[in-house]
Amino acid sequence: MPGESQNDSFDYAPHALRLDGREWIIVIAIVLLFALLAPRLWNRAERFEPPADYRMPYALSDDYWLYRRHLEKAADDGRSVFVIGDSVIWGEYVTPHGTLSHFLNEQPGHTHRFVNAGVNGLFPLALEGLIRDFGQPLKGRKVIVHANLLWMTSPEADLSAEKEQKFNHEPLVPQFSVPIPCYRAKTDRRLSHLANRKVSLFSWSKHLQISYFDPTGVPAWTLEKGNDRRNPLAQITRKIPEEPDHDPDRGETSPRHRPWSEGGRGSQNFAWVPPGESLQRAAFQRLVRLLQSRGNEVLVVIGPLNEHMIADENRPPYQNLKREMVRWFDEQKISHLSPPLLPGDLYGDASHPLTAGYQRLAGELAGTPEFQAWSK
Amino acid sequence: MLFHTWTFLIFFLVAFAGYFSLRRTPLWTPWLLLASYVFYGWWNPFYLILIVYSTALDFVVVEIMDRCAVRGPGRRAWLVVSIVNNLSLLGFFKYADFFIENLNTLFGLQIEEAARVMPFGLEYLLPVGISFYTFQSMSYTIDFYRGKIARERNFIRFATFAAFFPQLVAGPIERATHLLPQFLRPPAITTRHLTDGATLFLIGLFKKIALSNYLALYVERIYDSPADYGSAALLLATFCFAWQIYFDFSGYTDMARGVARMMGFDLMLNFYHPYLATGLSDFWSRWHISLSTWFRDYVYLPLGGNRRGALLTYRNLLIVFLVSGFWHGAAWHFIVWGALHAVGIVLTRALERSGWYRERCPVSLKRAWVFAFVCFAWIFFRARTLDEAWLIVTRIFAGIWQDPACPLLMLALVAAVWAYQLTSASKRLQGILTAGPVRIATAASMVI
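Everything numeric in this text was worked out from a predicted model, so none of it was measured. (Residues numbered from 1 in each chain as written. Chains lettered and ligands numbered in written order. Predicted model: local features only at pLDDT ≥ 70, side-chain atom pairs only at ≥ 80, totals over all residues. Heavy atoms only, no water.)

All right, on to the pairing of strand β4 (residues 297-302) of chain A then. Residues and elements named next belong to chain A. Within β4, 5 of the 6 residues are buried, leaving the element largely enclosed by the surrounding structure. Where strand β3 (residues 142-147) meets β4, 6 bridges bridge the pair, whose relative direction is parallel. The partner of histidine 146 across the bridge, within β4, is valine 301. With respect to chirality, the unit in which β4 leads through helix α12 (residues 315-331) into the neighbouring parallel strand β5 (residues 335-337) is right-handed. (Buried < 20%, exposed > 50% of the residue type's maximum accessible area, 1.4 Å probe, protein only. Helix = DSSP H or I, 4+ residues; strand = E, 2+ residues; numbered from the N terminus. Pairing = 2+ DSSP bridges. Right-handed = clockwise from strand over helix to strand, strands pointing away.)

Our focus in this paragraph is empty space enclosed by the protein. Counted under the stated rule, the structure contains 4 cavities of 30 Å³ or more. The wall of the largest cavity is formed by 13 residues, among which Pro14(A), Lys207(B), Asp254(B), Leu269(B) and Phe271(B) lie closest to the centre. Broken down by class, the residue content of the lining of the largest cavity amounts to 5 nonpolar, 5 polar and 3 charged. (1 Å grid on protein atoms, 1.4 Å probe; cavity = no way out; pocket = protein on both sides within 12 Å on 5 of 7 lines; lining within 4 Å. Points joined across faces, edges and corners; volume = space filled by probe spheres on them. Nonpolar A, V, L, I, M, F, W, Y, C, P; charged D, E, K, R; others polar.)

This part covers the interface of chain A and chain B. Between chain A and chain B, the contact holds 37 residues from the first and 45 residues from the second. Surface buried jointly by chain A and chain B totals about 3700 Å² across both partners, of which 68% is contributed by carbon and sulfur atoms. Summed over the shared surface of chain A and chain B, the number is 3 salt bridges. Across the salt bridge formed by Arg18(A) and Asp196(B), the nearest N and O atoms sit 2.5 Å from each other. Here chain A is connected to chain B by 17 residue pairs in polar contact (both at pLDDT 80 or more). At the level of secondary structure, the elements contributing two or more residues to the side of chain A that touches chain B comprise α1 (21-45), α7 (187-198) and α9 (218-222) of chain A. Looking at the side of chain A that touches chain B element by element, the count peaks at 8 residues for α1(A). Of the residues in the side of chain A that touches chain B, the class split is 21 nonpolar, 6 polar and 10 charged. (Contact = heavy atoms within 4.5 Å. Buried area = accessible area lost by both parts, 1.4 Å probe. Salt bridge = Lys/Arg side-chain N within 4 Å of Asp/Glu carboxyl O. Polar contact = N/O pair within 3.5 Å; in protein donor to acceptor, adjacent residues only side chain to side chain.)

Right, let's get into the side chain of Gln280(A). Residue and element names in this part refer to chain A. Checked against the element boundaries, glutamine 280 lands in helix α11 (residues 279-293). Of the residues examined, glutamine 280 reaches a relative accessible area of 1% and is grouped as buried. From its side chain, glutamine 280 meets the backbone nitrogen of leucine 125 in a polar contact 3.1 Å long. Leaving out residues up to four positions away in the same chain, glutamine 280 has contacts with Phe123, Pro124, Leu125, Trp151, Ala157, Asp158 and Leu159.

Before going further, it helps to spend a moment on the domain arrangement of chain B. All names here are of chain B. Partitioning chain B into domains gives domain 1 (6-186) and domain 2 (193-447). When each unit is reduced to the centre of its C-alpha atoms, the spacing between domain 1 and domain 2 is 27 Å. Between domain 1 and domain 2, the residue contacts involve 34 residues of the former and 33 residues of the latter. In this assembly, domain 1 packs against domain 2 so that about 2900 Å² is buried in total across both faces, 70% of it on carbon and sulfur atoms. Our enumeration of links across domain 1 and domain 2 arrives at 1 salt bridge. Note that arginine 175 and aspartate 297 form a salt bridge whose closest N and O atoms lie 2.8 Å from each other. Along the contact surface separating domain 1 from domain 2 lie 14 residue pairs in polar contact (both at pLDDT 80 or more). The dominant element in the side of domain 1 that touches domain 2, judged by the number of residues it contributes, is helix α5 (residues 130-145), at 7 residues. Considering only residue class, the side of domain 1 that touches domain 2 consists of 22 nonpolar, 7 polar and 5 charged. (Domains from an automatic or database assignment.)

Residue and element names in this part refer to chain A. The terminal C-alpha atoms of α12 lie 24 Å apart, and with 17 residues this matches the ideal 24 Å at 1.5 Å per residue to within 8%. What α12 keeps buried is the set Arg315, Tyr318, Leu321, Lys322, Glu324, Met325, Trp328 and Phe329. Buried residues belonging to α12 abut β3, α11, β4 and β5. Lysine 333 lies just past α12 and shows a positive phi near 55°. (Expected span 1.5 Å × (residues − 1).)

Under the 1.5 Å per step criterion, the end-to-end length of helix α15 (residues 363-382) of chain B is 28 Å for 20 residues, consistent within 8% with the ideal 28 Å. Of all the positions in α15(B), only Lys366(B), Val370(B), Phe371(B), Phe373(B), Val374(B), Cys375(B), Ala377(B), Trp378(B), Ile379(B), Phe380(B), Phe381(B) and Arg382(B) are classed as buried.

Here Thr222(A) is to be found in helix α9. A distance of 2.7 Å separates a polar side-chain atom of Thr222(A) from the backbone oxygen of Pro219(A). Reaching out from Thr222(A), the side chain makes a polar contact with the side chain of Tyr214(B) at a distance of 2.6 Å. Here Thr222(A) is in contact with Asn227(A), Asp228(A), Pro232(A), Tyr214(B), Pro407(B) and Leu409(B), once residues within four sequence places are set aside.

Applying the stated criterion to the full structure yields 88 aromatic pairs over all chains. Here the aromatic rings of Phe132(B) and Trp327(B) are separated by 5.2 Å at their centres, their planes lie at 80°, and the arrangement is edge-to-face. Pair noted here: Phe132(B) is in helix α5 and Trp327(B) is in helix α12 (residues 310-328), with a separation of 195 residues, a long-range link. Sitting over the ring of Trp374(A), Lys142(A) keeps its end group 5.4 Å from the ring centre. Stacked on the ring of Phe20(B), the Lys or Arg Arg23(B) has its end atom at 4.0 Å from the ring centre. (Phe/Tyr/Trp six-rings, centres within 6.5 Å; stacked < 30°, edge-to-face > 60°. Lys NZ or Arg CZ within 6 Å of the ring centre and 35° of its normal.)

Once that is clear, we can look at the domain arrangement of chain A. All names here are of chain A. What the domain assignment lists for chain A is domain 1 (17-46) and domain 2 (50-375). Between the C-alpha centres of domain 1 and domain 2 the distance comes to 35 Å. In this complex, domain 1 contributes 8 residues to the contact, which on the side of domain 2 involves 12 residues. Overall, the association of domain 1 and domain 2 removes approximately 920 Å² of surface from exposure, summing both partners, and the carbon and sulfur fraction of that is 60%. Glutamate 46 is the salt-bridge partner of arginine 69, the closest N and O atoms lying 2.9 Å from each other. Linking domain 1 to domain 2 there are 5 residue pairs in polar contact (both at pLDDT 80 or more). Of the residues assigned to the side of domain 1 that touches domain 2, the class counts are 6 nonpolar, 1 polar and 1 charged.

As C-alpha cells, then:
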C-alpha cells in the first residue's frame, strides 16, 4: 500500500485509496477551494435577470440561496426599499403585478424602488432565520417589515402548542436557541438544518436541487418517470425557473381570487395567544432588533388583518394585542404604521388582500406623511 | 446515533478531544466507556441495562471460572451459564416473537407475544447491536475457557472492550484476543493513524450516503411491490440490492474502523472485495469476515469441522449456515438464505477443490457464477417474506418484459465501483490507482 510504514501491521483495506498527511492537506485545500469558489462562480454562470415585479416563484419557496441572490441582484440594481414578510407580502392570491410592492412602485416618485422580498409560507420564527442567514444583502437598506397578527390567532399558529406539528420552512426556525414545543425534530435533523443555513456550499447545492431537479435531491429525480435514461448534468440549464405565465391559482381570473365571504361579516373566534407567551411575537421582535443592528432603516406595517372576519366579542383581545405591539414599537423607537382596515370584499381570507386590496393598501401607506418621510 | 450524522460528528469531536487529553492518565478507559455508553444510550437509555448486565455477568462468570480447575466441570458449567445467558438475551429480544408465532401456528396455541411480558410498561424493542455485542462478549468467555486469553481483572477495561463505540452496533465482531489487549495501555496516535482513519471514514461515508442510500431507493420501489414488476426490474433490483447491502454494511464497517483507527485502535478487516470471489468458500472468506470466522471458530470447528469425513463436514456446514441465516434475522426467509449458501457450498466444495476449477477455469467465469449465485440468494434475504421471495424468483424466470426504469446513473456508479475493484485486484493495472494524483482526485471527488 502506498505510504505504508514497514512496522505498521494494520490490515488497512483491499483498495488503493490511502492518503498520507500531505495528501490530505491537498484534498482539504481542493475541497475548500471548491466550497469557496463554486457558489460564487455559479452566480456568474447562471442567468438571473429578474423583472421589476419579481418574487420568488412558489415552487422555489425553499430555495434560500436564490432568496439571497434575489436580494443581492435587487440591491445591485439600485432598488432601495425591501418589503419583507410572509405570503401577504408575497401575494397569495395575486400575480406578481398585483402585490403590495408592485403598487408601491406605482405611486408617484417611487418607480422601481420597492422589492418584493416576501416568501410564501413564512412566519416570524422562520423569517427571523431567513434574514439572519440569507438576508445579508439587506444590510444598511430601508426595509419594510410586515407584521401579520394572524400568527397569534391560536397556539397552533403561534407554534407554541404542545402537540407536534409539521410546518413550512422548518429549516429556518430556531433549532436550539428557542424551544418550540410543537417542533420535535431529532437533533441530527436540526444540526443538518443549521449546516444548510450556515454553509454556503450546502445552500447552493440545495438551490441546484430545487431549481433543476427534485427538491428531495438528484437521486430521487433519476427515479422519477422518464428520467431514468436522462443525463442529470443536462438538466442544469443555468436558467432559473420562473413563475408560470398563467398561474391557475393566482390572479384576477383565478377562481381562488375572490372575496372571503359573500355577506362580509364573520363570526370567527380566535384563541389569541397572550403577547408575553407568543413565540411568533418574540421572533418578530428579535427580527426587528437584528435589522436595526445591521443598520437597516426599519418600517413596520401592522396588518391590516381582516377584522370583518372576527366575531364582535373576539375583537377586544385582538385590539389589545395590536395596542401592545404598537406600544413596544414606540418604546423601541421603531417606525411603524397601522393602515386602516380594508373593505371586507378586498380580502381573500383572514389576512391576504386581493389585487384591489393591495392597490388600496399601497395608496393608504403612500399617502401618510410618516411613510413619505421614511421612504425619502 | 449513526456514523453518517451530524450528531455523531459532534459526539466524536467531544469524545476524541477528551480521550486525547486523558490518554496519559488512568481516566482514558473510563472516558472511553462513558463515551461508548452515551453513544449507545442515545438510541434508548434502557438498552444500557442490557449491555451492562451482559458485560457484568460475563466478567463475573470468568472470575468464577478462573477459580475452578482448568479442565474441571465447574469451568464448563460456568461457560454454559455465560452462553445460555447471552443467547437467552438474544433469543428473547430478537427471536421470541418468531418462535411464538411459529409455535402458535404449528400447534394451534395462543401464546401471547413477547411484548406482554416486558416489566414496568417498557417497550419491547430489538436493542441495537445486540447480535454483535453478545457474540463479542461470548468470544471472551469461550476464549478464556479454552485458555487462549487471560482473565481481565479490571471491570472498566472489560466493559470498554464489550461496549467500544466504534464497533458496538454493526461490528466488526472483535475477538477478545485481538481487541482486549489494546485497552491495556493507551495506544499511540500518530499522523498515520489519523490519516488512515479519516480515509477509511471517508470511504465508508461515501459508500453509505452516495451509493447505498441511492441504490436503496430503486430496490425499495421494486421489492415493496414485486407483483407489479417484470423480470428485468426484479433482476436489476436484485443486482442493485447486492451492491446496496455491500455498500451499506462494508461502508459502516469502514467508518467503524476509521473512527477506531483515529483513536489508535485496530479493528479487523471485515470485507475484502466479496464480489470478486471465485468460489462460495472464497466469498465467505471475504464477506463479513468477522462473523464468518466467529462461526468457524466457535461453531464449525467445535462441531468437528472437516476432520470427521465428508458427510459430517457437510452437516457442520449446513448447521453453520442455517445458524448464520438465523443470526441475520428472525424470519424463515433468512434461514432459507443461509440454507441456500449451505447447499451451494456443499454442492460446489468438491468442484472448487478440483485442479480444473482452480487452474483452468477462467477467473471471470468463476466470479460471474459466484456473483450470480450470491445475487440469487440475496432475493431470499431482501424479500419481506418467503412467499414474496418465491414470487420474485418465479417472475424473474417467467420472462415478463416491462421497462425496468432503472436509472442509468445508478448502474454507471455500480459499474465504476466494480471497475475500480477489478483494477485494484489486478497486479498489472493496480499501479494506476496507487498513483498519488489519482488517489487525491478520487478522495476529493468523494468529499465533493
